[in-house]
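Okay, here's what each chain looks like letter by letter:
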Amino acid sequence: MNGLTLSEVISLFCCPPCPAQIASKLAFLPPEPTYKFLRHHSDDSSSKFQIEFLEKAEWQYGDREKENIEGFYSRMSRGNRIACIFVKCSANARFTILFSHGNAVDVGQMSSFYLGLGSRINCNIFSYDYSGYGISSGKPSEKNLYADIDAAWHALRTRYGVSPENIILYGQSIGTVPTIDLASRYEVGAVILHSPLTSGMRVAFPKTRRTWFFDSFPSIEKVPKITSPVLVIHGTDDEVIDVSHGVTIYERCPRPVEPLFIEGAGHNDVELYSQYLERLKKFVSVELQN
């Protein structure tokens, strides 16, 4: 029955998991904050902040590079205050990446990666922490994820004046959930889905073949609405989200480009393979320029 065993079907109908239960089981593990915001140049009236990294952030650069990161808060529709950062990686970048990071990290831990990635593929990077992550207020939830990225999107559009055609949405792991949701509603320059999941139920019960009413993160239902070019990246040995999720999402995209399925890569080491950077460079500097 839809690929589930009899015991799983009985379990679902006798005690169906609610979306929040699936979500908390699969997704939300916010770490202790690894950064702080400090008033920019001692100006109490400024909405800009300097970022101060704590030891756990493992910042790999110096103070000069830190000057390229601007922090600020954005208020999302459900009332939470969302911490955002703009990482200026290139003076002549055409594209800005709106990056939705994976689980169990915050933008403090990701900042070194952002600066290195953006510098190598000639893109600026804008990122944000989900509700309850980093120094963002509130608690993480599926509904908050969608409101969080909306707040980030509008801040990037209004504060920095970046046009949709010059924005690349990048989602990693759980970050593909809000990325796909936003991409299904707005046309952008491009979308990158790194280790995406099709839905919460399909991760918890791999034989699931349909989207149940109590499912969480139903990205598979939104992918056909994405009108932008989509690059899917996934490791073939992903132990958290099976590569079949990436394959299925790739097959459902209306405008997919050649995907990158990295042989032997797991869930947390895709970036360490040379093919990763090579594929991104080709996508940004060749395919999106044509």
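Shown above is the structure to which this text applies.
First, a word on what this report is: a plain description of the structure on this page. (Residues numbered from 1 in each chain as written. Predicted model: local features only at pLDDT ≥ 70, side-chain atom pairs only at ≥ 80, totals over all residues. Heavy atoms only, no water.)

### Topic: the state of the cysteines
Now for step 1: In the structure shown here, the tally under the stated rule is zero disulfides.
Now for step 2: Free of any disulfide, Cys89 has its nearest neighbouring cysteine sulfur in Cys123, separated by 8.3 Å.
Now for step 3: In this structure Cys89 comes out as buried when scored by relative accessible area, which is 15%. (Disulfide = S-S within 2.5 Å. Buried < 20%, exposed > 50% of the residue type's maximum accessible area, 1.4 Å probe, protein only.)

### A look at helix α6 (residues 176–183)
Now for step 1: Most of α6 is tucked away, with eight of its eight residues classed as buried.
Now for step 2: Every buried residue of α6 is listed here: Thr176, Val177, Pro178, Thr179, Ile180, Asp181, Leu182 and Ala183. (Helix = DSSP H or I, 4+ residues; strand = E, 2+ residues; numbered from the N terminus.)

### What to know about the pairing of strand β5 (residues 95–100)
Now for step 1: Summarising burial for β5: six of the six residues are buried, a large majority.
Now for step 2: Burial along β5 is two-sided: the face carrying Phe95, Ile97 and Phe99 and the face carrying Thr96, Leu98 and Ser100 are both buried.
Now for step 3: For β5 and strand β6 (residues 123–128), the ladder comprises five bridges, and the chain directions are parallel. Bridge pairing in β6 places Phe95 opposite Cys123. (Pairing = 2+ DSSP bridges.)

### Section: the packing of aromatic side chains
A ring pair, where both rings are aromatic, is described by two values, the distance of the centres and the angle of the planes.
Now for step 1: With the rule as written, the count across this model stands at 18 aromatic pairs.
Now for step 2: A ring pair is formed by Phe37 and Phe49, whose centres lie 5.5 Å apart and whose planes are at 15°; its orientation type is stacked. Pair noted here: Phe37 is in strand β1 (residues 35–39) and Phe49 is in strand β2 (residues 49–53), with a separation of 12 residues, a long-range link.
Now for step 3: Phe37 gets classed as buried once you look at its relative accessible area, which sits at 12%.
Now for step 4: Over the ring of Tyr73 we find Arg81, and its NZ or CZ is 3.7 Å from the ring centre.
Now for step 5: One cation-aromatic arrangement involves Arg159 over Phe72; the distance from NZ or CZ to the ring centre is 3.9 Å. (Phe/Tyr/Trp six-rings, centres within 6.5 Å; stacked < 30°, edge-to-face > 60°. Lys NZ or Arg CZ within 6 Å of the ring centre and 35° of its normal.)

### As for the environment of Arg202
Now for step 1: Inspection of the secondary structure puts Arg202 in helix α7 (residues 200–204).
Now for step 2: Judged by relative accessible area, which is 12%, Arg202 ranks as buried.

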